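Now for the letters of each chain:
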There are 2 protein chains.
Amino acid sequence: METKQENKKVFLEIVKQLKELIDKEHIKPGDKLPSERVLSERLAVGRSSVREALRSLELLGLIETRQGGGTFLSSGQNIQLVEILSSFILRVSPSVDEVHTTRRMHEKEAIRVICSDKNLTALPVWESLFYKIEVESEVVRDHILRELIIASGNRLSLKIWMQLAAYSATPLKKITTKKEKPILLVLLKSIQLGFKKEALEAYEQWMFTIKNNLINENQSN
Amino acid sequence: METKQENKKVFLEIVKQLKELIDKEHIKPGDKLPSERVLSERLAVGRSSVREALRSLELLGLIETRQGGGTFLSSGQNIQLVEILSSFILRVSPSVDEVHTTRRMHEKEAIRVICSDKNLTALPVWESLFYKIEVESEVVRDHILRELIIASGNRLSLKIWMQLAAYSATPLKKITTKKEKPILLVLLKSIQLGFKKEALEAYEQWMFTIKNNLINENQSN
DNA sequence: AAGCGTAAAGTGGTCTGACCACTTTTAGTT
DNA sequence: AACTAAAAGTGGTCAGACCACTTTACGCTT
């Protein structure tokens, strides 16, 4: 009677136990999971139930399966997710513009958070980026943005952003020295000083520059 | 030899066919899907394969299952997704604070977008909310926030927000007349006038009030 | 004829065993 | 030591059997 709370579906319970097993056995992305038959024995459930759980995780892109080989903890991204979710839930796949707007939202918020926290503005990564931009000049844009969001400390936001970034791949990935470089330096310097307003302005300028670059690219084609 | 491209896994193929079936038969959210046995016959596959596909979609929250009742196309939210995804990918489930911060981010951005667009500030829904708050006083907070994001026009942001909102269910769902009401009226009025700064300030005040309410609630226990 | 209660049918939940296709390992031969 | 073929391991799929639960249908009572 009192066990009604625990009366979850078995395959969901397996998903949960699978996660615990991964943690406990220190299975890392790319590593092999126990075979279906072994799992079914260890968890004392039927193989079909194990398969239902594994198939679910596969659709989510969390594991990869090779027939005859085994089941492996996934390492990379999972593009199917976005596609399936959007085709089922939204019924209309999100427009390019929506993805773009949403990822920009997360980036701007990261800047706001960082500028408001002295511990974050003093992070060594800003010096590092400074150096890379000024000397190497071969920095990928998304890398900088990623660092911003990582620094903001919101891992959930980072995860969402990575999904969006993977979805809206930018044609021009690396910075163009001429115009972008000075703007980026202003952005980073503003961040280091905690100048929120200035940082956001530089960010907007940066996005504007990127946009113009894209237009020029398209025209030359 | 040339069929190697189509050599997809059966359960993925079923997921695809299931989607087509839903479209073709005009199955709407809440409607019942054919039974597992029927599906297995119609698609000429084993019932276990059908189940693997259905269980996958269930984990995604796209369908709901009632034992003895049937399988239904999901209508509402799906909590599990965020939880499972984050627990597997992030390896650390997002803290309550992260979920909270992220959903607030989307709410604030919606306010910014709305205030910057005359077409949006003039939306009839603001009058409607105005009326509900002032007269009925029984409005659910999340409902107001949801309208904000809907109005902002970013369906993707809305989708993400709904996930987060479902995850961080607020104990106090309805507005408390005494303190919140005037703040909310300021918020809505500011939006109608396109006063971005004032609207955001009112929003922050609102969140502050809610936070205080929660603290008081906890103390009285 | 209407209402009710029970039996039957329908449906998801789970397990078992079997077979196939493919990969990895093992063992044996050269 | 290198190569090859057999064996073991593993995922992929199917069929059948029960169980627990819900919905439907039927027959009885009123």
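To keep things clear, this report deals only with the structure shown in the data block. Everything numeric in this text was worked out from a predicted model, so none of it was measured. (Residues numbered from 1 in each chain as written. Chains lettered and ligands numbered in written order. Predicted model: local features only at pLDDT ≥ 70, side-chain atom pairs only at ≥ 80, totals over all residues. Heavy atoms only, no water.)

## A word on the protein's contact with DNA strand D
Now for step 1: Residues in close proximity to DNA strand D total 24 residues, the closest being Glu36 and Arg47 of chain A together with Val10, Gly46 and Ser49 of chain B.
Now for step 2: Each atom of DNA strand D within 4 Å of the protein was classed as base or backbone; sugar and phosphate made up 62%.
Now for step 3: Contact between DNA strand D and Gly68 of chain A: a base nitrogen at 3.1 Å from a main-chain N or O atom of the residue.
Now for step 4: Interatomic distance of 3.1 Å between a side-chain N/O atom of Thr71 of chain A and a phosphate oxygen of DNA strand D.
Now for step 5: For the surface near DNA strand D, the secondary structure elements donating two or more residues are α2 (36-42), α3 (47-59), β1 (63-66) and β2 (70-73) of chain A together with α3 (47-59) of chain B.
Now for step 6: Per-class residue counts for the surface near DNA strand D are 3 nonpolar, 12 polar and 9 charged. (Near = heavy atom within 4 Å. Polar contact = N/O pair within 3.5 Å; in protein donor to acceptor, adjacent residues only side chain to side chain. Helix = DSSP H or I, 4+ residues; strand = E, 2+ residues; numbered from the N terminus. Nonpolar A, V, L, I, M, F, W, Y, C, P; charged D, E, K, R; others polar.)

## A closer look at the nonpolar core
Now for step 1: Ranked by size, the top nonpolar core spans 36 residues in total, and within it Leu57 of chain A together with Leu57 of chain B carry the most contacts.
Now for step 2: Those elements giving two or more residues to this core turn out to be α1 (10-24) and α3 of chain A together with α1 (10-24) and α3 of chain B. (Core = buried A, V, L, I, M, F, W, Y, C linked by side-chain atoms within 4.5 Å. Buried < 20%, exposed > 50% of the residue type's maximum accessible area, 1.4 Å probe, protein only.)

## Notes on the protein's contact with DNA strand C
Now for step 1: Close contacts around DNA strand C come from 23 residues, with Val10, Gly46 and Ser49 of chain A together with Glu36 and Thr65 of chain B the closest.
Now for step 2: Atoms of DNA strand C within 4 Å of the protein: sugar and phosphate make up 61%, bases the balance.
Now for step 3: Contact distances for DNA strand C include 3.4 Å between a base nitrogen and a side-chain N or O atom of Gln67 of chain A.
Now for step 4: A distance of 2.9 Å separates a base nitrogen of DNA strand C from a polar side-chain atom of Arg47 of chain B.
Now for step 5: By residue class, the composition of the surface near DNA strand C is 2 nonpolar, 12 polar and 9 charged.

## What to know about helix α7 (residues 124-136) of chain A
Residues and elements named next belong to chain A.
Now for step 1: In a regular helix each residue adds 1.5 Å, so 13 residues correspond to 18 Å; α7 covers 17 Å between its end C-alpha atoms and thus fits that length.
Now for step 2: By the burial criterion, the buried members of α7 are Trp126, Leu129, Phe130 and Ile133. Down the axis, α7 shows its buried residues gathered within 105 degrees of arc, on one side only. Turned more than 90 degrees away from the buried face of α7, the exposed residues are Pro124 and Val135. (Expected span 1.5 Å × (residues − 1). Arc of directions from axis to C-beta.)

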